[in-house]
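# Report on the structure
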Number of protein chains: 4
Amino acid sequence: MATLKFDKEITALLVIDPYNDFISEGGKIWNRLKGVAEANNCVPNMLKVLDAARKAKLRVFYALHRRYRAGDYETWKYIAPVQKSAWLSKAFEHGTWGGAIREEFEPQTGEIIALEHWGSSGFANTDLDLQLKKHGIHRLIVVGLIAHTCVEATVRYAAELGYDVTMIKDATADYSDEHMHAALAVNIPSYATAIVTTNELVEALSSHAPMKQSA
Amino acid sequence: MATLKFDKEITALLVIDPYNDFISEGGKIWNRLKGVAEANNCVPNMLKVLDAARKAKLRVFYALHRRYRAGDYETWKYIAPVQKSAWLSKAFEHGTWGGAIREEFEPQTGEIIALEHWGSSGFANTDLDLQLKKHGIHRLIVVGLIAHTCVEATVRYAAELGYDVTMIKDATADYSDEHMHAALAVNIPSYATAIVTTNELVEALSSHAPMKQSA
Amino acid sequence: MATLKFDKEITALLVIDPYNDFISEGGKIWNRLKGVAEANNCVPNMLKVLDAARKAKLRVFYALHRRYRAGDYETWKYIAPVQKSAWLSKAFEHGTWGGAIREEFEPQTGEIIALEHWGSSGFANTDLDLQLKKHGIHRLIVVGLIAHTCVEATVRYAAELGYDVTMIKDATADYSDEHMHAALAVNIPSYATAIVTTNELVEALSSHAPMKQSA
Amino acid sequence: MATLKFDKEITALLVIDPYNDFISEGGKIWNRLKGVAEANNCVPNMLKVLDAARKAKLRVFYALHRRYRAGDYETWKYIAPVQKSAWLSKAFEHGTWGGAIREEFEPQTGEIIALEHWGSSGFANTDLDLQLKKHGIHRLIVVGLIAHTCVEATVRYAAELGYDVTMIKDATADYSDEHMHAALAVNIPSYATAIVTTNELVEALSSHAPMKQSA
């Protein structure tokens, strides 16, 4: 792998769905993710990446799924399975603890929370692309949940929209190793230019060398 | 599975990348797809679906990847792996046999060819969504290549854009069974409301019952 | 003009920015709009259209501008004049009366509020297109504010996205007759298939004839 | 007006619809544009801007309207007036002189031609946004035709998408002074951060001072 280098003027961290329902003990979907998440050290790694990005003065963006509100789906004529299941589970219910960002991931002043997305991609039907452009961003470092749905979808959209993506493979999780494999080994390699570990990323961000964009 | 029913006023067939380079003997990528394609009876099934859709008077749309032209990528500052590999392989080269639609899939008068896409999704940076709306389409039946890249990407985008998707699982192919599994068993079930065989689809389209949209 | 007919299954009313800051006495921008608005009978006409649409069982959608929140623009590298002026005026400030929908236009159960937009178009960087598709809508009846910015922008986007637009010319307003003329007489005629009065619309919606889509 | 400065790494020239049908003697729409175009010195100014941009090593992009092809509109259920009129006039007919770029504006190697657009905006349903991002562009200098349709639409979309726009007011034209006024005096000032003359732009591009982006 070529040396990882990032120019902070054009690089941002994108944190996907750090909701209590996904990554906190007691969250609605945590039990389905816990096995892979703990084996992968997912939550501590997400925090390490966030911390390193802030220290390196990278801009941080949050892509958040629609928080469930009563009436969201009742009138729809067409609904995708992933939306039907969000409806049934009431995941990330608005105004509840499950629909709050896990405390340690609380956005800070100057960090950008994109409009909530209705499907899996943080870009679809939101202002994420606009916000990235308003801040001059061309490269994204991606962490978060769930690997084969929101993460993969957001990485695919990022590539289709012209962004360069670095995926942090041990700062994500999924229902099973099979799901992780489909996302990280089968699909994301076509869309992310680098797939690295938290440690590799942290080292790259904290290196003393001037952080210039790799050619 | 609920009975498959389609209202032809709002349903279309979407054929993805039926290029010689993908599905004809001698095509640049055919050798990598051949094993799975033949086991799946992919090309004959794609033709059966196309034939049934035309007989049922469904509108037919084609989503086609960018045909390689010299100069396409030289000036890009950012390039996704899937694009770098299209550049290297010169797949679907403009003006060549490999970049032509396989003869039996030639679009007929009244069928719509969307603008060419640069990545994997037939919707990204093209007029496919516009053309579907101009024709009043809300439901898509999807066949074509390659399952885990262009097909999955197009199905994901279709769902994010609000379309209802029926995936024909034996009218696609991929490099390996593992790739097919990631696309058809792991990911597409979250975005397509039905995943059926060619025979199930053909039967649904040719049934004498009035073809009304399912509730 | 051909007889106006609307099929309620595919037609919706789109109400643009009915904020107190725009259309209520005491609103931040009301004084700049008042002259044209009152001459045009804008607010009573908007209400008549809303009432007629609800009676005719049309689905109602709301396109709302970003409510100003502290920190919205400080970090942007690029900002359009229309956004700079929203920043300066703090129009539609979040949590204030000015940023609330005028009371008579309060959305009812089953009506859809799109995500807030950052510029002028109700479609740009929001879920409006998705929500319209999820409800099977192809035709829009448009009322609201301001004619040459948000209304014209939303009409232009609607047309580019494939929607059929009917503009209600006496249910909008602007800073001056010159602005109204630019929007209603110069530009919108290229994008809306009909530009009619409130009375013409109300009559069409309340006609006893079966409301079928015009050919 | 603040001093115009452009960083060539992030600035591009966007040339809109330099078709013979628009700007050449004998073109289908030339007679309707000629009066304003000649008074404005439109075509020579467009050439001066193009020449200055190339000398300053700015990347050049072309936004081109759909070239008319038989069958384009026959199957559409919905059609905007601007499209109906393109259908009637067969403007920019594919394969004809009228649908060719005027000779002096022929794109050179390394310049980018976006996919053709179906309405007025060079961004709608095309790869223009993608191509700009692939080249790292954030600021656009805009010239071309017609002021109140394709030019205004493209400027509006550019602003909604996050681009900074400089409009060259004497390198465009329209049917009448009233149309020019609506575009250049009423609407574009809300979306372009600068509206300048050809001479002001040429001077800015040819200045010896290092071309850095203005704060």
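Residues numbered from 1 in each chain as written. Chains lettered and ligands numbered in written order. Predicted model: local features only at pLDDT ≥ 70, side-chain atom pairs only at ≥ 80, totals over all residues. Heavy atoms only, no water.

It is worth spelling out the overall build of chain A at this point. Within chain A one finds 8 helices and 6 strands. The linear arrangement of helices and strands in chain A, starting from the amino end, is β-α-α-α-β-α-β-α-β-α-β-α-β-α. Relative to the 2.2 N^0.38 estimate, which gives 17 Å for 215 residues, the radius of gyration of chain A is 16 Å and therefore close to what a compact globule would have. When the backbone C-alpha atoms are referred to their principal axes, chain A occupies close to 55 × 35 × 35 Å. For chain A, buried positions account for 66% of its 215 residues. Of all intrachain contacts in chain A linking residues separated by at least 6 positions in sequence, the fraction that spans at least 24 positions is 81%. Averaging the locations of the 23 positively and 26 negatively charged side chains of chain A gives two centres separated by 4 Å. (Helix = DSSP H or I, 4+ residues; strand = E, 2+ residues; numbered from the N terminus. Rg over C-alpha atoms; globule rule 2.2 N^0.38 Å. Buried < 20%, exposed > 50% of the residue type's maximum accessible area, 1.4 Å probe, protein only. Contact = heavy atoms within 4.5 Å. Lys, Arg positive; Asp, Glu negative; His and termini not counted. Charge placed at Lys NZ, Arg CZ, Asp CG, Glu CD.)

The next point concerns the relation of the copies chain A and chain C. For these two chains of identical sequence, chain A goes onto chain C by a turn of 180° and a shift of 0.0 Å along the axis, with RMSD 0.0 Å. The operation mapping one copy onto its partner corresponds to a two-fold rotation axis. In terms of proximity to the rotation axis, the leading residue of chain A is T126 of chain A, whose C-alpha is 2.5 Å off the axis. A shared interface surface links the copies, since 100% of the contact residues of chain A are contact residues in chain C too. (Least-squares fit on C-alpha atoms with pLDDT ≥ 70 in both.)

If you rotate chain A by 180° and push it 0.0 Å along the axis, it lands on chain B with an RMSD of 0.0 Å. Looking at the interface residues of chain A, 100% of them are also at the interface in chain B, so both copies use one shared face.

All names here are of chain A. Confidence in the prediction of chain A, expressed as mean pLDDT, is 95, and 95% of residues score 70 or more. Residue range residues 210-215 is modelled with pLDDT below 50. Its contacts to residues more than four positions away, or to other chains, number 18 contacts. For this predicted complex, the interface score ipTM comes out at 0.95, while the overall pTM is 0.96. (pLDDT = per-residue confidence, 0-100.)

Two orientations exist for strands paired in a sheet by backbone hydrogen bonds: parallel and antiparallel. Residue and element names in this part refer to chain C. A sheet is described by the order of its strands in space; here 6 strands give the open sequence β3-β2-β1-β4-β5-β6, paired in parallel fashion. Taken across any chain shown, the strands that pair with only one partner, and hence form the sheet edges, are β3 (112-113) and β6 (194-196). Relative to strand β4 (residues 139-144), strand β1 (residues 11-16) runs parallel, the two sharing 6 bridges. Within β4, the residue paired with V15 across the bridge is V143. (Pairing = 2+ DSSP bridges.)

It is worth spelling out the interface of chain A and chain B at this point. The partner chain B presents 35 residues to the 35 residues of chain A that form the contact. Salt-bridge contacts for E152 of chain B lead to R156 of chain A; the nearest nitrogen and oxygen are separated by 3.1 Å. Our count for the chain A to chain B interface comes out at 18 residue pairs in polar contact (both at pLDDT 80 or more). Sorting the residues of the side of chain A that touches chain B by element identifies α4 (81-89), α6 (147-161) and α7 (177-187) of chain A as the ones contributing at least two each. (Salt bridge = Lys/Arg side-chain N within 4 Å of Asp/Glu carboxyl O. Polar contact = N/O pair within 3.5 Å; in protein donor to acceptor, adjacent residues only side chain to side chain.)

Now for the pairing of strand β2 (residues 59-63) of chain A. On a regular strand, each side chain points to the face opposite its neighbour's, so the side chains alternate between the two faces of the sheet. Residues and elements named next belong to chain A. Counting buried positions over the 5 residues of β2 gives 4, a clear majority of the element. As judged from the 2 bridges shared by β2 and strand β3 (residues 112-113), these two strands associate in the parallel manner. Residue pairing for β3: Y62 is matched across the bridge by I113.

Before going further, it helps to examine the interface of chain A and chain C. Facing the 23 residues of chain A at the interface are 23 residues of chain C. Regarding the contact of chain A and chain C, the summed buried area is about 2,000 Å², with carbon and sulfur atoms giving 50% of it. Ranking the residues of chain A by area buried against chain C places T75, N125 and K134 of chain A at the top, with a combined share of 30%. Inspection of the region where chain A meets chain C yields 2 salt bridges. The salt bridge involving E9 of chain A is made with K77 of chain C; its shortest N-O contact spans 2.9 Å. Of all the elements, helix α5 (residues 128-134) of chain A adds the most residues to the side of chain A that touches chain C, at 4 residues. (Buried area = accessible area lost by both parts, 1.4 Å probe.)

Turning our attention to the side chain of R102 of chain D. Residue and element names in this part refer to chain D. Along the chain, R102 turns up in the loop between α4 (81-89) and β3 (112-113). A distance of 3.0 Å separates a polar atom in the side chain of R102 from a polar atom in the side chain of E104. Beyond its immediate chain neighbours, meaning those up to four positions away, R102 contacts P18, Y19, N20, I23, S24 and V43.

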